[in-house]
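Examination of the molecular architecture
The residues making up each chain are set out below.
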Amino acid sequence: MAGMKKLLLLGLAVLSSGTAALEGARDKSDSPNFVVIFCDDLGYGDLGCFGHPTIKTPQLDRMAREGQKWTNFYVAASVCTPSRAGLLTGRLPIRSGMCSDMRRVLFPDSKGGLPKSEITIARALKKAGYDTAAVGKWHLGHLPPYLPTSHGFDTYFGIPYSNDMDKVAEGPNREIAFDPKSEYWDVPLMRDKAIVERPAKQETITKRYTEEAEKFIAAHRRKDAAPFFLYLAHSMPHIPLFRSKRFVGKSARGYYGDVIQEIDWSVGRLLRALREGGLAEKTLVVFTSDNGPWLIYDTHGGSAGLLREGKGSTWEGGMREPTVFWWPGKLKKGVVTGMGSTLDLFPTFLALAGAEMPGDRTYDGGDLSPALFGTGASPRREMFFYRGQRVYAARVGEYKAHFITKPAYGKGQIVEHDPPVLYHLGEDPSEKYDIAEKNPEVIETIRKIVARHEAGVEPVEDQLAR
Ligand code: MG
């Protein structure tokens, strides 16, 4: 009897290890690579393919022609830290404690960061056998427990927060930013968890991020190389602006244009590295920005094109970003007008990698595959526009209701609207003509959707107030 039991147990063990082997047997070559190129404070109107008349972006224009241009693509917040938390976790920053009514982003004296309990795209893909690298701006906590290498990235090279922090020069940013020198800001450049340069020489930062990313791609040319996730988060075009010597004075748009044209060059280098490495057909590349243009910096800030306002605001210009997807031979080429968000990248990448979504938490996005491959529409129907910890506005279909408004920066007052201000973004993308009065039923629907969303948000520790 005992022997029988032992045999049975042994059989079960064989059976379960057999299942494990089968699960692990998904051919690595089926798993696409993912590259996210994330700019800082690039506006909706700043690329040639999004209508800018004087900034030349031939590489991004080509990327859009070969892939998909998304015209209704949103980020999770209108400033750096919460926007990045949203992209990497697939969850609105209110769920991870990465947005706050006390401080809008993390600072060099902050003690908090993205909690260890959060699962980043890198950590989820790592579990599915991916190699992972973060290059560029992090801004999810610069202390060791919060750095990229503590959040699923094998390696990190970059500036861990905004390039205008640790200011040592005299005078307000508003003045010194117009003729910037690297030594005005004592920002660190890090490799993994160590500071390797301080102040970071920002004149060459875009170039060096690009070289680092190219090296990572080149290391994955081998047929038997693991699939990879590369997160390249440029420090540019966040103020203070810097560009390499060869881009100085090149753009008709002036200093800001030079900076964007270097980013465009960088995109071209990465796509070329993928093509030459035989990786283009195996790699989904997404280009977008963390929030809208920093309009208070005059010509050193970008443009949101026809959208209202910019960085820091819950108007469209703060959170709708110029976005391009690229995957030659796979994506249905064209312009996608359906809604999408950086919050959708987590579920999209996991689905494409054949990995399961963690079942123990709420996600705020969906798999964009139908829109990417032309088999259907984007699953996104709603978008919540948070400022700090409050929902200021919500978009449902083509309608967007603003319950609260406040100027992006400065001492302007909060204004609560009841009824909310309502716009139809199809007919009025610039949010100029309030149609609330004629559409009480639309407002009722949006109110219900917001109430349902808010009821599903659990309170967590505010990481930015620490
Ligand atoms: Mg930003």
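Cut-offs applied
- Residues numbered from 1 in each chain as written.
- Predicted model: local features only at pLDDT ≥ 70, side-chain atom pairs only at ≥ 80, totals over all residues.
- Heavy atoms only, no water.
- Domains from an automatic or database assignment.
- Contact = heavy atoms within 4.5 Å.
- Buried area = accessible area lost by both parts, 1.4 Å probe.
- Salt bridge = Lys/Arg side-chain N within 4 Å of Asp/Glu carboxyl O.
- Donors = N, O, S within 2.8 Å, 3.2 Å for Na, K, Ca; no water.
- Helix = DSSP H or I, 4+ residues; strand = E, 2+ residues; numbered from the N terminus.
- Buried < 20%, exposed > 50% of the residue type's maximum accessible area, 1.4 Å probe, protein only.
- Phe/Tyr/Trp six-rings, centres within 6.5 Å; stacked < 30°, edge-to-face > 60°.
- Pairing = 2+ DSSP bridges.
- Axes fitted to C-alpha atoms, helices over the stretch in contact; angles between N-to-C directions.
- Polar contact = N/O pair within 3.5 Å; in protein donor to acceptor, adjacent residues only side chain to side chain.

Remarks on the domain arrangement of the protein chain
One can read the domain layout of the protein chain as domain 1 (24-380) and domain 2 (389-455). The straight-line distance from the C-alpha centre of domain 1 to that of domain 2 is 27 Å. Contacts between the two partners involve 25 residues from domain 1, matched on the other side by 17 residues from domain 2. Between domain 1 and domain 2, the buried area comes to about 1700 Å², and carbon and sulfur atoms account for 51% of it. Taken together, domain 1 and domain 2 are joined by one salt bridge. In this structure, the salt-bridge partner of K400 is E316, at a minimum N-O distance of 2.9 Å.

Re the coordination of the magnesium ion
Protein-derived coordination of the magnesium ion comes from D40 (OD), D41 (OD), C80 (SG), D290 (OD), D290 (OD) and N291 (OD1), at a distance range of 2.1 to 2.7 Å. Motif for the magnesium ion, donor spacing along one chain: D-D-x38-C-x209-D-N. Here D40 is found in the loop between β1 (33-39) and α2 (58-66), whereas its partner C80 is found in helix α3 (residues 80-89), with 40 residues between them in sequence. Taking the relative accessible area as the measure of exposure, C80 reaches 2% and is therefore buried.

A short note on the packing of aromatic side chains
Using the criterion set out here, one finds 22 aromatic pairs in the structure. A ring pair is formed by F34 and Y130, whose centres lie 5.9 Å apart and whose planes are at 15°; its orientation type is stacked. Linking F34 in strand β1 with Y130 in the loop between α4 (121-127) and β4 (131-136), this pair joins segments that are 96 residues apart in sequence. On the basis of relative accessibility, which here comes to 0%, the residue F34 falls in the buried class.

With respect to the sheet that holds β4
In space, the ten strands of this open sheet follow the order β7-β6-β5-β4-β8-β1-β9-β10-β2-β11, with mixed pairing throughout. Single-partner strands in this sheet number two, and they are β7 (194-197) and β11 (334-336). The average undirected angle you get between the axes of adjacent strands in this sheet is 20°. Judged from the five bridges that link them, β1 and strand β8 (residues 228-233) form a sheet pairing that is parallel. Note that in β8 the partner of F38 across the bridge is A233. Its contacts with the sheet put helix α6 (residues 205-218) on β4, β5 (155-158), β6 (189-191), β7 and β8, and the angle it makes with β8 is roughly 180°.

Here's the deal with the side chain of N72
Tracing the backbone shows N72 in the loop between β2 (68-70) and β3 (73-74). Residue N72 is classed as buried on the basis of its relative accessible area of 9%. Side chain to side chain, N72 and T71 meet in a polar contact 3.4 Å long. At 2.8 Å, the side chain of N72 forms a polar contact with the side chain of R395. Aside from chain neighbours lying at most four places away, what touches N72 is R320, V336, T337, G338, M339, G340 and R395.

Examining the sheet that holds strand β16 (residues 415-424)
Here four strands make up an open sheet; going across it, the order is β13-β14-β15-β16 and the pairing antiparallel. Only two strands of the sheet have a single partner each, and these edge strands are β13 (382-387) and β16. Strand-to-strand, the axes of this sheet are offset by a mean angle of 20°, without reference to chain direction. Bridge analysis of β13 against strand β14 (residues 390-396) gives six bridges, and the strand direction is antiparallel. The residue of β14 that forms the bridge with F384 is A394. Running at roughly 115° to β16, helix α11 (residues 440-455) makes contact with β13, β14, β15 (399-405) and β16 of the sheet.

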